[in-house]
Amino acid sequence: MPISPFLADAFSLAARRGWSRRQMLAALTGAGAATVLPRGTRAAARELVFASWGGDEIKSLTRAFGKSYEAATGTSIVFDGTGPTEGAIRTMVDSGDVTWDLCDADGFTALRLGATGHLSAIDYKTVDETRIMAPFAFTHGAGGYTYSYVLAFDTERFAGRPPMTWKDFFDTRRFPGGRAIYRWMNGAFEAAMMAASDKPTNPYPIDINTAVNRIYKLKPILQTWENGDQVQQMFIDKTISMACIWHTRAVALAKETEGRIAFTWAGGIIQPGVWVVPKGNPAGIDAFKLIGHMQDAGRQIEFTNLQRVGPANPEATAAMPKALRDYDPTQPDNLAQQVIVDSKWWAENFDKARAEFADMLQRS
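Right, let's walk through the structure included here. (Residues numbered from 1 in each chain as written. Predicted model: local features only at pLDDT ≥ 70, side-chain atom pairs only at ≥ 80, totals over all residues. Heavy atoms only, no water.)

**Quick notes on the packing of aromatic side chains**
Operational definition: Aromatic contacts are taken between Phe, Tyr and Trp rings whose centres are within 6.5 Å, Trp giving its six-membered ring; a plane angle under 30 degrees counts as stacked, one over 60 as edge-to-face, and the others as tilted. Under the DSSP-based scheme used, a helix requires at least four consecutive residues in state H or I and a strand at least two consecutive residues in state E, with every element numbered from the N terminus. For the exposure calls, accessible area comes from a 1.4 Å probe over protein chains only, and a residue counts as buried if that area is under 20% of its type's maximum, exposed if over 50%, partly exposed in between. Two thresholds decide whether a charge sits over a ring: the Lys NZ or Arg CZ must be within 6 Å of the ring centre and within 35 degrees of the ring normal.
Evaluated as defined, the whole model comprises 21 aromatic pairs. Residues Y149 and Y182 carry aromatic rings whose centres are separated by 6.1 Å and whose planes lie at 35 degrees to one another, so their mutual orientation is tilted. Of the two residues, Y149 sits in strand 5 (residues 141–154) while Y182 sits in strand 6 (residues 179–182), which places them 33 residues apart along the sequence. Residue classification places Y182 among the buried residues on the basis of a relative accessible area of 14%. Between W345 and W346, the aromatic rings sit 5.0 Å apart at their centres with planes inclined by 90 degrees, giving edge-to-face as the arrangement. Accessibility expressed as a relative area gives 8% for W345, which makes it buried. One aromatic cluster is present, formed by F50, F65, F79, Y145, Y147, Y149, Y182, W225, W246, W275 and F303 through successive ring pairs. Here the basic side chain of R363 rests over the ring of Y216, its NZ or CZ set 4.6 Å away from the ring centre.

**Describing the nonpolar core**
Rules: To qualify as a nonpolar core, a set must consist of buried Ala, Val, Leu, Ile, Met, Phe, Trp, Tyr and Cys residues joined through side-chain atoms within 4.5 Å. Any two residues whose heavy atoms approach within 4.5 Å are treated as being in contact.
Within the largest apolar cluster, 98 residues are counted, with the highest numbers of intra-cluster contacts made by F50, F189, I215, I245, I291 and W346. Residue contributions to this core peak at 8 residues, all from strand 5. In contact with W346, other than residues within four places in its own chain, are F108, M185, N186, F189, E190, Y204, I206, V341 and A353. In terms of nonpolar packing, the next biggest core, distinct from the first, is built from 5 residues, A297, I301, A316 and L324 among them.

**What about the pairing of strand 5?**
Let me state the cut-off plainly: By definition, two strands form a pair when at least two bridges between them are found by DSSP.
Most of strand 5 is tucked away, with 14 of its 14 residues classed as buried. Across 2 bridges, strand 4 (residues 137–138) lies against strand 5 in antiparallel orientation. Looking at strand 5, one finds that F138 is bridged to G141. In the sheet, strand 5 pairs with strand 9 (residues 261–276) via 11 bridges, with the strands oriented antiparallel. When the sheet's bridge partners are listed, Y149 is paired in strand 9 with I269. The sheet contact formed by strand 5 and strand 10 (residues 310–311) spans 2 bridges and is antiparallel. From the neighbouring strand, Y145 faces strand 10, where its bridge partner is P311. Here strand 5 pairs with strand 8 (residues 242–246) via 5 bridges, running antiparallel. Bridge pairing in strand 8 places Y149 opposite W246.

**Quick look at the packing of helix 3 (residues 56–73) against helix 12 (residues 297–307)**
Quick reminder of the rule: Axes, fitted as lines to C-alpha atoms, cover a helix only where it is in contact. Angles between the N-to-C directions of the axes lie from 0 to 180 degrees. Working rule for angles: under 35 degrees goes down as roughly parallel, over 145 as roughly antiparallel, 65 to 115 as roughly perpendicular, anything else as oblique. Handedness of a crossing is defined here by the sense of rotation of the near helix relative to the far one, left-handed for an anticlockwise turn of less than a right angle and right-handed for a clockwise turn. The classification used treats Ala, Val, Leu, Ile, Met, Phe, Trp, Tyr, Cys and Pro as nonpolar, Asp, Glu, Lys and Arg as charged, and all other residues, Gly among them, as polar.
It is at 10 Å that the axes of helix 3 and helix 12 come closest, and there the two elements cross at 160 degrees. In terms of orientation, helix 3 lies roughly antiparallel with respect to helix 12. Judged by the twist between their axes, the crossing of helix 3 over helix 12 is right-handed. Along its contact with helix 3, which presents D56, E57, S60, L61, R63, A64, F65 and S68, the element helix 12 presents R299, Q300, E302, F303, L306 and Q307. Here the residues of the contact of helix 3 with helix 12 sort into 5 nonpolar, 4 polar and 5 charged.

**Remarks on unusual backbone geometry**
Cis rather than trans, the peptide bond between A134 and P135 has omega equal to 5 degrees. Along the chain, the position of P135 falls in the loop between helix 5 (107–115) and strand 4. Positive phi, close to 55 degrees, is recorded for E258, a residue that is not glycine. Considering the arrangement of structural elements, one finds E258 in the loop between helix 10 (247–256) and strand 9. With phi around 65 degrees, R308 is a residue other than glycine that occupies positive phi space. Note on placement: R308 falls in the loop between helix 12 and strand 10.

The following block contains the structure:
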């Protein structure tokens, strides 16, 4: 269940009265028939609060990891779906009132917040570093799953020759129609750098001016998207012919449109979904035990089955069922066509890149 700001505040107030967050959730949702009593009367339930991005992700996290962890340890997982943004984690830790134990973050966020002391270092005695795809084992974050930005296109618009490279994406003469990129520019900057070649090439270090100017040339036909539903609707409405989108959404579109929307792994930019632990988390080392539990290859394969994300554990990549391999960015044939995101570059350059990109969007 996603936790609203109201419920987060309610948890804080309940804690002052000696209630556990799990007890408060039961009281507010009507879940559980037992009477909710203060700690002095009843032992508090063991729990972890896992901050995620809400919606179907919570259902999938529960099925793939949560239920088995609770069965194995007796520790309940309470999901907060309000979104663990970098700013939210920073504010929570600075306030000294930390309620999250584990968060789903980007690689560059793990680097940035780790450098400022807002995250605990990963306990690699509890978490197995060898079960994380290189280079997604960070000092302050452990890769938990993978996803990619890919080139998706409308096959009906390009029946003769479909676009297969980022060079094609930026070629509006040979490949007409609207374009769409993520409003936070991840993926789009790498695509702009790779547009100079017919084959995927290492786009790092990204030249921000070059990337922004290439994207600016698309501006008359350019739209930005903030979530998968938005870009999916753009394709359905036929206001765009191509987009740089998450591979998970591209997979869904291909299925729902019966192949009208297709995508290519060529030039994809593979990214990590990273588990991070805010400094001073209430559950302490139990957060690292949960990360270790989620490293199990079978559980990561189940998460792939539910979310169409890729695994982070190379053992899961090797054991991936044939029916899921086409959706998995870490499969050798798929990975060979892609580039791996440079999280360090984004950690050091995100603010400048964002400012330049925002300025470009405002230009006439």
